[in-house]
Amino acid sequence: MELLNKDKRDGYVYDPIIKQYDTTFWKTTTGAPAMSGSVLRFTSAGVASYLQHIFADVEFSLNVPTTPSAGEAKQWGLRNPSGDNLGAAYFEITGAVFQVVTVDDGGTSQTTAVVWSAYEAAATEYRILWDPDRVVFYVNGTIVATHTTRVPSNALSLRILNSDADNTDLSYVAIRRAASII
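Residues numbered from 1 in each chain as written. Predicted model: local features only at pLDDT ≥ 70, side-chain atom pairs only at ≥ 80, totals over all residues. Heavy atoms only, no water.

### Digging into the overall build of the protein
The following threshold applies: Numbered from the N terminus, helices here are DSSP runs of H or I no shorter than four residues, and strands are runs of E no shorter than two. Both definitions apply: the radius of gyration is a C-alpha atom measure, and the globule rule equals 2.2 Å times residues to the power 0.38. The rule is simple: take the accessible area with a 1.4 Å probe, protein chains only, and divide by the maximum for that residue type; under 20% is buried, over 50% is exposed, in between is partly exposed. Two residues qualify as a contact provided that any one of their heavy atoms is within 4.5 Å of a heavy atom in the partner residue. For the accessible areas, the method is Shrake-Rupley and the probe is 1.4 Å, while residue cover comes only from the protein chains on display. For the charge count, each Lys or Arg is scored as positive and each Asp or Glu as negative, with His and the chain ends excluded. A single reference atom marks each charge: NZ on Lys, CZ on Arg, CG on Asp, CD on Glu.
In terms of regular secondary structure, the protein is built from 1 helix and 16 strands. Here the C-alpha radius of gyration of the protein, 15 Å, is about what a compact globule of 182 residues would show, namely 16 Å. Burial status across the protein gives 49% buried among its 182 residues. Partitioning the intrachain contacts of the protein with sequence separation of at least 6 by distance along the chain shows that 64% fall at a separation of at least 24. Surface summary for the protein: the accessible area is close to 7800 Å², and the carbon and sulfur share equals 49%. Of the charged side chains in the protein, 14 are positive and 19 negative, and the gap between their average positions amounts to 3 Å.

### A closer look at the pattern of salt bridges
The condition that has to hold: Salt-bridge detection follows one rule: a side-chain nitrogen of Lys or Arg within 4 Å of a carboxyl oxygen of Asp or Glu.
Under the definition given, this model contains 12 salt bridges. Linking Asp166 and Lys74 is a salt bridge whose minimum nitrogen-to-oxygen distance equals 3.0 Å. You can see Asp166 sitting in the loop between strand E14 (156–162) and strand E15 (168–178) and its partner Lys74 sitting in strand E7 (residues 73–79), a full 92 residues away along the chain. Assigned by exposure class, Asp166 and Lys74 land together as buried. Salt bridges here are not isolated pairs; linked through shared partners, they connect Glu72, Lys74, Asp164 and Asp166.

### Remarks on the pairing of E14
To keep it simple, the criterion reads: The pairing criterion is simple: DSSP has to find at least two bridges between the two strands.
E14 sits mainly inside the fold: 7 of its 7 residues count as buried. Inspection of the sheet shows strand E5 (residues 45–54) paired to E14 by 6 bridges, in the antiparallel sense. Residue His53 lies in a different strand from E14, and its bridge partner there is Leu156. Of the strand pairs in this sheet, E7 and E14 are connected by 5 bridges, and their pairing is antiparallel. Residue pairing for E14: Gly77 is matched across the bridge by Arg159.

### Side note on unusual backbone geometry
Phi is mostly negative for residues that are not glycine, and the peptide bonds are mostly trans. Although it is not a glycine, Ala121 sits at a positive phi angle of roughly 65°. In the Ramachandran plot, Asn140 falls in the positive-phi region, its phi being about 50° despite a non-glycine side chain. Among the secondary structure elements, Asn140 is positioned in the loop between strand E12 (134–139) and strand E13 (142–147).

### Digging into the environment of Gly95
Mapped onto the fold, Gly95 is located in the loop between strand E8 (88–94) and strand E9 (97–103). Using a relative accessible area of 16% as the deciding quantity, one classes Gly95 as buried. Measuring from C-alpha to C-alpha, the distance between Gly95 and Ala70 comes to 4.3 Å, with 25 residues separating the pair along the chain. Excluding its chain neighbours within four sequence positions, the residues that come into contact with Gly95 are Pro68, Ser69, Ala70, Gly71 and Glu72.

### Description of the packing of aromatic side chains
Quick reminder of the rule: For Phe, Tyr and Trp, where Trp contributes only its six-membered ring, two rings pair if their centres lie within 6.5 Å, and the inter-plane angle classes them as stacked under 30 degrees, edge-to-face over 60, or tilted in between.
Under the defined criterion, the tally for this structure stands at 16 aromatic pairs. Taking 4.9 Å as the distance between ring centres and 80° as the angle between the ring planes, the aromatic pair formed by Phe25 and Trp26 counts as edge-to-face. By relative accessible area, which is 1% here, Trp26 ends up buried. Taking 5.0 Å as the distance between ring centres and 85° as the angle between the ring planes, the aromatic pair formed by Phe98 and Trp116 counts as edge-to-face. Placement of Phe98 in strand E9 and of Trp116 in the loop between strand E10 (109–113) and strand E11 (124–131) is noted, with a sequence separation of 18 residues between them. The same class applies to Phe98 as to Trp116, namely buried.

Here's what the structure looks like:
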């Protein structure tokens, strides 16, 4: 199937230094994301990309300022803001739990708890390799989980949501080898 031929897949980089907070790329879903120096800052704020992706290698360079603890609520990855009924693949901090989540097209999820390893207060590379038969999650180049039973296949937006009053900063998003960008 040519759509999945990795040699012909597409990609791009969203660099806030160049694009700033581009409201033709991002839709604000809550709060007021804003530029702070060279990063896009999320303080009680969330966005979703207008572009949607099918099967891609997605990397977020994100600075999460604190360790997961009571009251924390953050998500980043591939997820439509209307909900997970059409699938999703993302990183999530809920309270003291750091985990990865995949949701198949029927809305059934698979989660894996991930050990937080002093990722706070530094730009960290969070990568999601999404193929038709698996989703592999990486942190700083190390595989932290592989999901094969709940793999989405619908088009998904990039999503960043920080429900906390702290500063979560995006340095870039890199999309590689996307089977489709809509």
